[in-house]
Amino acid sequence: MSTPLDLYRPGVAAGRDAQVLHRAVMPEFSGWLEHTRPAGGCARPIRLAGTLAAVERDTGRILGEQHTDELPDQTLYKACGNRRETRCPDCAWVYAGDAYRVVRCGLTGGKGVPASVGRHPVVFATFTAPSFGAVHHRHIPRHTCATRQRCDCRSAPCRARSTAGTCQHGQPAVCHARHDTDDPRLGQPLCLDCYDHAHQVVWNYFSGELWRRTKQAIERHLAALCRRRGIPLVRVVTASGKVRWVPPVRVSHGKVAEMQRRAAVHFHVLLRLDGVDPDAPDALVPPPAGITVDDLEAAVHAAARQITVTTPPREDQQRGWVVAWGEQVDVRRINTAGGELTDGKVAAYLAKYATKATEATGHSFTRLTPATIDDYADPEGDHLARLIDACWRLGRPIHDAMTSGAATADDRQGSLDTKPNAYAGLRRWAHMLGFGGHFLTKARRYSVTFGQLRDNRATHRRIEDDDPADTITVGTLTYIGSGWLTDGDALLANTAARQRRESTRIGREELAHEAWLAEAAA
Ligand SMILES: [Zn+2]
Ligand SMILES: [Zn+2]
Ligand SMILES: [Zn+2]
Ligand SMILES: [Zn+2]
């Protein structure tokens, strides 16, 4: 019998149309289509082989076993699950929908989050990086466009100054251009040699720590405010039976990192005030009435001004670097009467950035290694090449940093005279221009989790498929490859997925996606 693998044999016509035809005329075609359905739409599904066992949930008894050899293509197909739109548009679409629901449930309730969260004070803050040198930018003094996402307002001149002139490298220090949104010069330094690439990658690398300390400071500010206003501490008993007195307010956040064109990260953060229930310390309850959204806003501004991180000293940077926020922290309220920022808009905004990484810089890299680094890093190159070079240089093991011309940098790692380098992780994150954090993060208490949403979906599918809910499928599977077997298979599976999406509605999950799409387009 012929199988799709035959198409790989030399001499067999392997054009996509031929592949599609070959697959579609096979008697088991509809079974194949059903079999690939969990991965339908995925650009690069994972192929697995091994044994699948149906196990009774309560007893652990194995009710039946099946080897993937008995399945179409002798393979189990699993969607790649990549959140990045540039890697897999379909999986990113699913992820964005989940991100939208996670963020939105934290604002309006649902999926186990009480609806009363809708009355907690909440702000949407944008924390930016400071300047590491002048870049071409688009500055709109006053927007007249209908939506910021499709802003077509006329920009003010980029870097207008009455005293024109040049920097010490002979580059003009002014730019009178009014840059359009798609101008490739946006985010590029006016002078590459003046620009502090090392400081920027260090900032990206330590920005997660800066955020962590800032959030602690926000909570400290609010706790102090409660003390001054005579709002008492709350007595809670921990799981281990210990009694603790805790401040009556806490802050739950959902946050997304956005890589700007200049390749510095921004954080967009939802901050929600919660209270503490002495009888149920994990319950989501409103904060005391004496603490308001004004107080939250003031605490964010104060913490952002106050908190800095001083990075560890180095041979070439004796005092380390100072990692602090940019001058302006934009703090906005949502769902205010007449305000343009609604919970849906904010959720859509965060979901959109959750599917991106470095794309705004114009490039998207995979992890860099000693074998590939020279293709990307260049101390005399363009902006990105210099940022990557800075990551690689600062991340070098200390031993070699102190000896000149260390060609054996990587060979020496692990030797006794190699001191730990606090910046070593910069090599691991060179392809992210130093940023090693997750793009979407949230406080444990903020909302429902991604895992819960996936479980809901699996249960929903099981009910649809009439699988008994008291059995679970356990696989002993090994990875055998990525991607569809042929371009024809990819076309068939992806077309079927698209048709399913257009013709059927998988209940509320799909409706939430529609809401997200509508908000994202608005
Ligand atoms: Zn995928
Ligand atoms: Zn410019
Ligand atoms: Zn505009
Ligand atoms: Zn210069």
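Residues numbered from 1 in each chain as written. Chains lettered and ligands numbered in written order. Predicted model: local features only at pLDDT ≥ 70, side-chain atom pairs only at ≥ 80, totals over all residues. Heavy atoms only, no water.

1. Focus on the coordination of the zinc ion (ligand 1)
Phase 1 of the analysis: Protein coordination at the zinc ion (ligand 1): the donors are Cys42 (SG), Cys80 (SG), Cys88 (SG) and Cys91 (SG), at 2.3 Å from the metal.
Phase 2 of the analysis: Considering all four donor atoms around the zinc ion (ligand 1), angles at the metal cover 103 to 114° and the coordination shape is tetrahedral.
Phase 3 of the analysis: Written as a sequence motif, the donor residues of the zinc ion (ligand 1) are C-x37-C-x7-C-x2-C. A residue pair is termed long-range when its members are at least 10 positions apart, and Cys42 in the loop between α2 (29–35) and β1 (46–56) and Cys88 in the loop between β3 (76–78) and α3 (89–108) qualify at 46 residues. (Donors = N, O, S within 2.8 Å, 3.2 Å for Na, K, Ca; no water. Tetrahedral: all angles 85-135°; square planar, octahedral: opposite > 155°, others 65-115°. Helix = DSSP H or I, 4+ residues; strand = E, 2+ residues; numbered from the N terminus.)

2. As for the pattern of salt bridges
Phase 1 of the analysis: The final tally for this structure, using the stated rule, is 21 salt bridges.
Phase 2 of the analysis: For Arg212, the salt bridge identified is with Glu209, shortest N-O distance 2.8 Å. In this pair, Arg212 and Glu209 both sit in helix α4 (residues 197–228), three residues apart, roughly one turn of the helix.
Phase 3 of the analysis: Between Arg444 and Asp282 there is a salt bridge, and its shortest N-O distance comes to 4.0 Å. You can see Arg444 sitting in the loop between β12 (440–442) and α10 (450–464) and its partner Asp282 sitting in the loop between β8 (265–275) and α5 (293–306), a full 162 residues away along the chain.
Phase 4 of the analysis: Arg444 sits in the exposed class, given a relative accessible area of 63%.
Phase 5 of the analysis: What emerges from the salt-bridge pattern is a single network uniting Arg23, Asp73 and Asp489. (Salt bridge = Lys/Arg side-chain N within 4 Å of Asp/Glu carboxyl O. Buried < 20%, exposed > 50% of the residue type's maximum accessible area, 1.4 Å probe, protein only.)

3. Some details on the packing of aromatic side chains
Phase 1 of the analysis: Scanning the entire structure with this criterion turns up 15 aromatic pairs.
Phase 2 of the analysis: Ring geometry for Trp321 and Tyr423: centres 5.6 Å apart, planes at 75°, overall edge-to-face. In this pair, Trp321 is assigned in the loop between β9 (308–310) and β10 (322–324) and Tyr423 in the loop between α8 (398–402) and α9 (425–428), connecting sequence segments 102 residues apart. One exposure class covers both Trp321 and Tyr423, and it is buried.
Phase 3 of the analysis: Centre to centre, the rings of Phe435 and Phe439 are 5.3 Å apart; their planes meet at 80°, and the pair counts as edge-to-face.
Phase 4 of the analysis: Residue class for Phe435 comes out buried when judged on its relative accessible area of 3%.
Phase 5 of the analysis: Following the ring pairs from residue to residue traces out a cluster consisting of Phe127, Trp203, Trp211, Phe267, Trp325, Phe435 and Phe439.
Phase 6 of the analysis: Directly above the ring of Phe267 sits Lys255, whose terminal nitrogen or CZ lies 4.7 Å from the centroid.
Phase 7 of the analysis: Sitting above the plane of the Tyr423 ring, Arg314 keeps its charged end 5.3 Å from the centroid. (Phe/Tyr/Trp six-rings, centres within 6.5 Å; stacked < 30°, edge-to-face > 60°. Lys NZ or Arg CZ within 6 Å of the ring centre and 35° of its normal.)

4. Re the side chain of Arg386
Phase 1 of the analysis: Here Arg386 shows up in helix α7 (residues 383–394).
Phase 2 of the analysis: Accessibility expressed as a relative area gives 12% for Arg386, which makes it buried.
Phase 3 of the analysis: Apart from the residues lying within four places of it in its own chain, the contact partners of Arg386 are Leu192, Asp193, His197, Asp378, Pro379, Glu380 and Gly381. (Contact = heavy atoms within 4.5 Å.)

5. Structural notes on the coordination of the zinc ion (ligand 2)
Phase 1 of the analysis: Around the zinc ion (ligand 2), the protein contributes the donor atoms His136 (ND1), Cys158 (SG), Cys175 (SG) and His179 (NE2), at 2.0 to 2.4 Å from the metal centre.
Phase 2 of the analysis: For the zinc ion (ligand 2), the four donor atoms are set out with angles of 104 to 116° between them, so the coordination reads as tetrahedral.
Phase 3 of the analysis: The exposure class assigned to Cys175 is buried, which follows from its relative accessible area of 8%.

6. Focus: the nonpolar core
Phase 1 of the analysis: Phe127, Ile218, Leu222, Phe267, Leu271 and Val300 are the most contacted members of the largest nonpolar core, which totals 64 residues.
Phase 2 of the analysis: Mapped onto this core, the elements with two or more residues apiece are β4 (122–127), α4, β7 (249–259), β8, α5 and α7.
Phase 3 of the analysis: Among the elements that make up this core, the one with the highest residue count is α4 (twelve residues).
Phase 4 of the analysis: Contact partners of Leu271, with chain neighbours within four places excluded, come to Pro121, Val122, Val123, Ala125, Trp211, Ile218, Val251, Ser252, His253, Leu296 and Val300.
Phase 5 of the analysis: In terms of nonpolar packing, the next biggest core, distinct from the first, is built from 30 residues, Val102, Val117, Val448 and Leu453 among them. (Core = buried A, V, L, I, M, F, W, Y, C linked by side-chain atoms within 4.5 Å.)

7. Description of unusual backbone geometry
When glycine is set aside, most residues are seen to have a negative phi, and most peptide bonds are trans.
Phase 1 of the analysis: Its identity as a non-glycine residue notwithstanding, Asp73 has a phi of 60°, on the positive side.
Phase 2 of the analysis: Looking at the element boundaries, Asp73 is found in the loop between β2 (62–67) and β3.
Phase 3 of the analysis: Asp73 gets classed as buried once you look at its relative accessible area, which sits at 12%.
Phase 4 of the analysis: Although it is not a glycine, Ala263 sits at a positive phi angle of roughly 75°.
Phase 5 of the analysis: Structurally, Ala263 is set in the loop between β7 and β8.

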